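# Residue-level structure breakdown
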Amino acid sequence: MSPTLELDKRIPLPTPATPTACHSNPQAFDVDRGEVTDPAAADRIQRAKTTCRTCPIAAACLRWALTHPDLTRTNVWAATTAPERAALRKRLAGRLGPNWVGVIARHSSDT
Ligand code: SF4
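The paragraphs below set out a description of the structure included in this document. (Residues numbered from 1 in each chain as written. Predicted model: local features only at pLDDT ≥ 70, side-chain atom pairs only at ≥ 80, totals over all residues. Heavy atoms only, no water.)

Tallying secondary structure elements over the protein chain gives five helices and zero strands in all. What you see in the protein chain, going N to C, is helices and strands ordered as α-α-α-α-α. For the protein chain, whose C-alpha radius of gyration is 14 Å, the value lies close to the compact-globule estimate of 13 Å for 111 residues. Summarising its shape, the C-alpha atoms of the protein chain cover approximately 40 × 35 × 30 Å along the three principal directions. Residues classed as buried in the protein chain amount to 33% of the 111 residues present. Long-range pairs, those at least 24 residues apart, make up 55% of the contacts in the protein chain with a sequence separation of at least 6. With the model as given, the accessible surface of the protein chain reaches about 7,200 Å², and the carbon-plus-sulfur share is 57%. Averaging the coordinates of the 15 positive side-chain charges in the protein chain and doing the same for the 10 negative ones gives two points 7 Å apart. (Helix = DSSP H or I, 4+ residues; strand = E, 2+ residues; numbered from the N terminus. Rg over C-alpha atoms; globule rule 2.2 N^0.38 Å. Buried < 20%, exposed > 50% of the residue type's maximum accessible area, 1.4 Å probe, protein only. Contact = heavy atoms within 4.5 Å. Areas by Shrake-Rupley, 256 points an atom, 1.4 Å probe, with all protein chains shown as cover. Lys, Arg positive; Asp, Glu negative; His and termini not counted. Charge placed at Lys NZ, Arg CZ, Asp CG, Glu CD.)

Next up, the structure:
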């Protein structure tokens, strides 16, 4: 049985005023886990990351991607690959504690 993929309603998926680059050209952000370390995909991954760095909703996108690991197992999200997001989640858990998602959710509702 596959795991339930649930949205955390406390942290909504950001909705941009105009389509972002990943909405307009989703293939450019498609990166499966095997490609992350594949030199043949390095330029494409770097281009996607560079594009994300100019995205007006990058901060909210990163917050959503970090707090929805089951829904962001692949691809570039907010200039990060899946292993980079895993490392960031580990750092957040170390800094904020085991309920780090709850801490982020509370902060999200403040902003
Ligand atoms: S920051 Fe997020 S919403 Fe913006 S282009 Fe990158 S993946 Fe898309």
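Attention now goes to the site of the ligand. In the neighbourhood of the ligand, the contacting residues comprise Thr20, Cys22, Cys52, Cys55, Ile57, Ala58, Cys61, Val76, Trp77 and Ala78. Counting atoms within 2 Å of the grid points, the majority share of the ligand lands in the largest pocket. Considered class by class, the residues forming the shell around the ligand number nine nonpolar, one polar and no charged. (Near = heavy atom within 4 Å. 1 Å grid on protein atoms, 1.4 Å probe; cavity = no way out; pocket = protein on both sides within 12 Å on 5 of 7 lines; lining within 4 Å. Sits in = over half its atoms within 2 Å of the grid points. Nonpolar A, V, L, I, M, F, W, Y, C, P; charged D, E, K, R; others polar.)

It is worth spelling out the nonpolar core at this point. Here is a general trend for soluble globular proteins: nonpolar side chains tend to be buried in one another's company. If you look at the biggest cluster of nonpolar residues, it comprises twelve residues: Ile11, Cys61, Trp64, Ala65, Leu66, Trp77, Ala78, Leu92, Trp100, Val101, Ile104 and Ala105. Going through the elements one at a time, α3 (58–67) and α5 (100–110) are the ones with two or more residues in this core. The contacts of Leu92, once residues within four sequence positions are left out, are Leu66, Gly97, Trp100 and Ile104. (Core = buried A, V, L, I, M, F, W, Y, C linked by side-chain atoms within 4.5 Å.)

Let's shift gears to the side chain of Thr67. Mapped onto the fold, Thr67 is located in helix α3. On the basis of relative accessibility, which here comes to 7%, the residue Thr67 falls in the buried class. A polar contact of 3.3 Å, which involves the side chain of Thr67, links it to the side chain of His68. Those residues in contact with Thr67 that lie beyond four places of it in its chain are Ile11, Trp100, Val101 and Ile104. (Polar contact = N/O pair within 3.5 Å; in protein donor to acceptor, adjacent residues only side chain to side chain.)

On to the layout of surface pockets. By volume, the largest pocket is sized at about 370 Å³. Taken together, 21 residues make up the lining of the largest pocket; nearest its centre are Thr20, Cys22, His23, Cys61 and Trp77. Among the elements of the structure, α1 (21–24), α2 (39–52) and α3 are those that each provide at least two residues to the lining of the largest pocket. In terms of residue count, the dominant contributor to the lining of the largest pocket is α1 (three residues). A class-by-class count of the residues in the lining of the largest pocket yields 14 nonpolar, six polar and one charged. (Points joined across faces, edges and corners; volume = space filled by probe spheres on them.)

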